[in-house]
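Each chain, written out:
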Amino acid sequence: MTTLQDRLASLGHTLPDLGEPAANYLHHREGKGLLVIAGQIGTPGRGALDASAGRAEAEVAALKLLAVLDAAVGGDLGRVRQVLRLGVFIASSPGFTEHSTVADGASDLVVAALGERGRHARAAIGVASLPAGAAVEVEALVELVS
Amino acid sequence: MTTLQDRLASLGHTLPDLGEPAANYLHHREGKGLLVIAGQIGTPGRGALDASAGRAEAEVAALKLLAVLDAAVGGDLGRVRQVLRLGVFIASSPGFTEHSTVADGASDLVVAALGERGRHARAAIGVASLPAGAAVEVEALVELVS
Amino acid sequence: MTTLQDRLASLGHTLPDLGEPAANYLHHREGKGLLVIAGQIGTPGRGALDASAGRAEAEVAALKLLAVLDAAVGGDLGRVRQVLRLGVFIASSPGFTEHSTVADGASDLVVAALGERGRHARAAIGVASLPAGAAVEVEALVELVS
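Below you will find a few notes about this structure. This structure is a prediction, so every number in the text was calculated from the model and none was measured.

The rules behind the values
Residues numbered from 1 in each chain as written. Chains lettered and ligands numbered in written order. Predicted model: local features only at pLDDT ≥ 70, side-chain atom pairs only at ≥ 80, totals over all residues. Heavy atoms only, no water. 1 Å grid on protein atoms, 1.4 Å probe; cavity = no way out; pocket = protein on both sides within 12 Å on 5 of 7 lines; lining within 4 Å. Points joined across faces, edges and corners; volume = space filled by probe spheres on them. Nonpolar A, V, L, I, M, F, W, Y, C, P; charged D, E, K, R; others polar. Least-squares fit on C-alpha atoms with pLDDT ≥ 70 in both. Contact = heavy atoms within 4.5 Å. Helix = DSSP H or I, 4+ residues; strand = E, 2+ residues; numbered from the N terminus. Buried < 20%, exposed > 50% of the residue type's maximum accessible area, 1.4 Å probe, protein only. Buried area = accessible area lost by both parts, 1.4 Å probe. Salt bridge = Lys/Arg side-chain N within 4 Å of Asp/Glu carboxyl O. Polar contact = N/O pair within 3.5 Å; in protein donor to acceptor, adjacent residues only side chain to side chain.

1. Quick notes on empty space enclosed by the protein
For the coordinates displayed, the defined rule picks out two cavities of 30 Å³ or more. Of the voids in this model, the largest cavity is the one considered here, and its volume is about 310 Å³. If you trace the largest cavity, you find 19 residues lining it, with Arg85 and Leu141 of chain A, Arg85 and Leu141 of chain B together with Arg85 of chain C closest to the centre. Its residues assigned to classes, the lining of the largest cavity shows 13 nonpolar, no polar and six charged. Approximately 30 Å³ is the volume attributed to the second largest cavity.

2. Overview of the relation of the copies chain C and chain B
A rotation about some axis, followed by a shift along it, carries one copy of the chain onto the other. Placing chain C over chain B gives an RMSD of 0.0 Å and needs a rotation angle of 120 degrees, together with 0.0 Å of translation along the axis. This pairing of chains is accounted for by a three-fold axis. A distinct binding surface is used by each copy, with only 11% of the interface residues of chain C retained as interface residues in chain B.

3. Focus: the relation of the copies chain A and chain C
The operation relating chain A to chain C is a screw motion whose rotation component is 120 degrees, with 0.0 Å of axial translation and a residual RMSD of 0.0 Å. Take the interface residues of chain A: only 11% of them recur as interface residues in chain C, which is what a contact between different surfaces looks like.

4. Overview of unusual backbone geometry
Excluding glycine, residues mostly carry a negative phi; peptide bonds, for their part, are mostly trans. All names here are of chain A. A positive phi angle, near 55 degrees, is found at Lys32, a position not held by glycine. Tracing the backbone through its elements, the reader meets Lys32 in the loop between strand S1 (28-31) and strand S2 (34-41). What makes Lys32 partly exposed here is its relative accessible area of 23%. We note that Ala132 has phi near 60 degrees; this positive angle belongs to a residue other than glycine. Among the residues examined, Ala132 registers a relative accessible area of 35% and is labelled partly exposed.

5. Remarks on the interface of chain C and chain B
The interface of chain C with chain B comprises 36 residues on the first partner and 25 residues on the second. Summing both partners gives a buried area of about 2200 Å² for chain C against chain B, and 54% of it is carried by carbon and sulfur. Residue Arg85 of chain C pairs with Glu139 of chain B through a salt bridge whose shortest N-O separation is 2.8 Å. Where chain C touches chain B, the interface holds 18 residue pairs in polar contact (both at pLDDT 80 or more). The set of elements that each furnish at least two residues to the side of chain C that touches chain B consists of strand S3 (80-91), helix H3 (99-114), strand S4 (121-127) and strand S5 (136-144) of chain C. When residues of the side of chain C that touches chain B are assigned to their parent elements, the largest contribution, seven residues, is made by S4 of chain C. Counted by class, the side of chain C that touches chain B contains 14 nonpolar, twelve polar and ten charged residues.

6. A few points about the interface of chain A and chain C
A common way to state how big an interface is: give the accessible area lost once the parts meet. Taken together, the contacts link 36 residues of chain A with 25 residues of chain C. Contact between chain A and chain C buries roughly 2200 Å² in total, counting both sides, with carbon and sulfur atoms accounting for 53%. The interface formed by chain A and chain C contains 19 residue pairs in polar contact (both at pLDDT 80 or more). If you list the elements that add at least two residues to the side of chain A that touches chain C, you get strand S3 (80-91), helix H3 (99-114), strand S4 (121-127) and strand S5 (136-144) of chain A. For the side of chain A that touches chain C, the element with the most residues is S4 of chain A, which contributes seven residues. A class-by-class count of the residues in the side of chain A that touches chain C yields 14 nonpolar, twelve polar and ten charged.

Limitation: the analysis is restricted to geometry and does not speak to function.
As structure tokens, this is what we get:
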């Protein structure tokens, strides 16, 4: 069984400890063969960043998202059919335009970790603020094997 | 049959009158055993608020969302399997950080009303503005019994 | 076979050329009989607009979204059961309140093109900024015939 941990280790990443959700919600919820992963934030307190630093924060958030996915499927990547959607929310000023660069920090990691199954539709949005002052938040809709 | 109205009455709430959607959309749409509930706003004209007042507005929006859910299932809670996702959008300034407190105003009510079935994944986001100057908007994805 | 192109032509519209996605994502992803359409933006470089100009940009974005839908179903409208959700993101200043007017630019076109199947739940949100400086971004969740 190929594990997500093995894949990420080969990319130089370690799955972070998830911890409890910050409030009254679940990290993930599954129904009808679909897995909804709650919005995962990058490093607290970063606020709006330039494209390069924002991209790094998108990767941080995506790594947490992959940790939730790993927990949801009990470490068995064989249960993941495909990632249907990523929602990428980026703290930004009104003039910011490089959402695609930032969001690719999340998308590139998800595709590197999951291969073809990791390819996804996406909405990338510049928002006023994010929980705990994070720069990026990433949520996902994943199709499971059923 | 336990009704959502009974549950909410025991919590001191009354389901609001839904009225027609404000524009060319539906309050809800159902397909493949999934129910999508359109974004429901809190009180018009409130704009960005502090965490405590924002929490109260999240509850107002969630109460409307539960009224839509009630209408969608014809008052029969037995048709609700689980709430998969809440999207909570919070009008905020760039420095706002207490999204979790505000969003729990919605999540706490949904969980109180629906119990374990009401627990959900969530994305909480700080946005520039919301329809009609509301402070909070809440949307949902719900799994129905099928 | 009634095509989406025929329908739009009768409304005075032409499906735009899609082109490749701007970054590492797919225009659409299908699973469990659901089609997720990635966020499609209006004209680059428009920034926040008034309600009337914003409405026109929402129509531009929705036309791209319909082009993605057309590609996803191979031009066969018979494969579309219904549009479940539109997410409409509108670049705006904090005081903006006319999201419904802007978002109807997208909703009206989708309903005109698809009829009853095009009616949908919706979340309309005012955001700080959008990719490439667009004024509006529209994403969709569509149920396919299966």
